[in-house]
Amino acid sequence: GEDVEQSLFLSVREGDSSVINCTYTDSSSTYLYWYKQEPGAGLQLLTYIFSNMDMKQDQRLTVLLNKKDKHLSLRIADTQTGDSAIYFCAETPNRDDKIIFGKGTRLHILP
Amino acid sequence: DTGVSQNPRHKITKRGQNVTFRCDPISEHNRLYWYRQTLGQGPEFLTYFQNEAQLEKSRLLSDRFSAERPKGSFSTLEIQRTEQGDSAMYLCASSLPGSPTYEQYFGPGTRLTVT
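In this report, the structure presented in the accompanying data block is examined.

The rules we used
- Residues numbered from 1 in each chain as written.
- Chains lettered and ligands numbered in written order.
- Predicted model: local features only at pLDDT ≥ 70, side-chain atom pairs only at ≥ 80, totals over all residues.
- Heavy atoms only, no water.
- Salt bridge = Lys/Arg side-chain N within 4 Å of Asp/Glu carboxyl O.
- Buried < 20%, exposed > 50% of the residue type's maximum accessible area, 1.4 Å probe, protein only.
- Helix = DSSP H or I, 4+ residues; strand = E, 2+ residues; numbered from the N terminus.
- Contact = heavy atoms within 4.5 Å.
- Buried area = accessible area lost by both parts, 1.4 Å probe.
- Polar contact = N/O pair within 3.5 Å; in protein donor to acceptor, adjacent residues only side chain to side chain.
- Pairing = 2+ DSSP bridges.
- Axes fitted to C-alpha atoms, helices over the stretch in contact; angles between N-to-C directions.

## As for the pattern of salt bridges
Residue and element names in this part refer to chain B.
- All told, the structure shown has six salt bridges over all chains when counted by the stated rule.
- We note a salt bridge from Arg22 to Asp24, for which the minimum N-O separation is 2.7 Å.
- The exposure class assigned to Asp24 is partly exposed, which follows from its relative accessible area of 22%.
- Between Arg64 and Asp86 there is a salt bridge, with its nearest N and O atoms 2.8 Å apart. Of this pair, Arg64 sits in the loop between strand 6 (53–57) and strand 7 (65–68) while Asp86 sits in the loop between strand 8 (75–79) and strand 9 (88–95); the two residues are 22 residues apart in sequence, bridging distant segments of the chain.
- Each of the salt bridges in this network shares a partner with another, and the network as a whole consists of Arg64, Glu83 and Asp86.

Here you go:
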């Protein structure tokens with residue numbers, strides 16, 4: 001079946017790195033994503049990784065994919081107050097068009 | 001074009017009433033998706049269209065729900081005889097056909113509260 005799991009909360013001090021982890025069950029997933037949702041705002045695609053990649057870096061964001069363990073992580077370097085949001089891990093099952101989302105990790109920034 | 005738009009942004013209705021939401025996709029985006037997000041959960045896929053054709057429906061879409069896209073542009077999602085469990089954020093997304101699914105662009109959503 002298709003399932004995406006992630007921890008619900010993470011607290012990080014401003015300036016530190018945040019690491020949000022996710023596991024998924026569908027080994028045929030083609031794309032894996034990280035979305036950001038701020039209060040009152042829509043879903044914003046932060047970054048994505050294709051299933052044949054191990055790592056992707058985009059400015060302060062680093063995505064690591066371990067296909068063997070079906071584990072995806074998002075590292076945010078130098079976390080800022082503006083990074084406070086809910087982060088959703090998501091996947092696209094093979095040859096499918098819908099996106100399967102996790103429940104989201106609420107990132108709280110400590111001063 | 002400023003992106004996917006949804007109307008209304010908020011809707012409060014009494015149990016048993018019918019409600020209809022509208023989604024206007026990005027122009028030239030042939031695919032249109034509906035998702036539902038309940039409190040504390042991630043978005044869940046409901047259905048999607050390519051042009052006028054509804055290609056897939058989730059088991060979450062009960063008989064009380066109907067989605068249409070009559071001219072292949074905007075779409076409506078109607079919920080009949082609303083129940084308190086229908087309270088959620090209803091999200092719409094659009095994409096070009098054949099594009100990788102990371103190119104689904106989401107609207108701001110319609111928040112439904114059923115009292």
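## Thoughts on the interface of chain A and chain B
- Across the boundary between the two partners, chain A contributes 18 residues, which contact 20 residues of chain B.
- Across the chain A/chain B interface, buried area totals approximately 1,600 Å², and carbon plus sulfur atoms make up 54% of it.
- Broken down residue by residue, the surface that chain A buries against chain B is led by A:Leu43, A:Asp97 and A:Lys98, which jointly contribute 33%.
- One can count one salt bridge joining chain A with chain B.
- For A:Lys98, the salt bridge goes to B:Glu56, with nearest N and O atoms at 3.0 Å.
- Taken together, the connections running from chain A to chain B amount to three residue pairs in polar contact (both at pLDDT 80 or more).
- Of all the elements in the fold, those that place two or more residues in the side of chain A that touches chain B are strand 4 (31–37), strand 5 (43–50) and strand 9 (85–92) of chain A.

## Brief notes about the sheet that holds strand 7 (residues 61–66) of chain A
All names here are of chain A.
- Read from one edge to the other, the open sheet built from five strands follows the order 1-3-8-7-6, with strand pairing classed as antiparallel. Edge positions in the sheet fall to strand 1 (4–6) and strand 6 (55–58), since each of these pairs with one other strand and no more. Each neighbouring strand pair of the sheet contributes to a mean axis angle of 15°, computed without reference to strand direction.
- Bridging between strand 7 and strand 8 (residues 71–76) involves six bridges; their strand directions are antiparallel. Note that in strand 8 the partner of Leu61 across the bridge is Ile76.

## What to know about the sheet that holds strand 7 of chain B
All names here are of chain B.
- Overall, antiparallel pairing links the four strands, which are arranged 1-3-8-7 in an open sheet. At either margin of the open sheet sits one strand with a lone partner, and together these are strand 1 (5–7) and strand 7. The average angle at which neighbouring strand axes cross in this sheet is 15°, direction not considered.
- Inspection of the sheet shows strand 3 (residues 19–24) paired to strand 8 by five bridges, in the antiparallel sense. Considered in strand 8, the bridge of Phe21 is made with Leu77.

## Let's talk about the pairing of strand 6 of chain B
Residue and element names in this part refer to chain B.
- Pairing of strand 5 (residues 44–50) with strand 6 involves four bridges; the strand directions are antiparallel. Bridged to Tyr48 within strand 6 is Glu56.
- What sits between the antiparallel neighbours strand 5 and strand 6 is a turn of two residues, in which Asn51 has the positive phi angle 55°.

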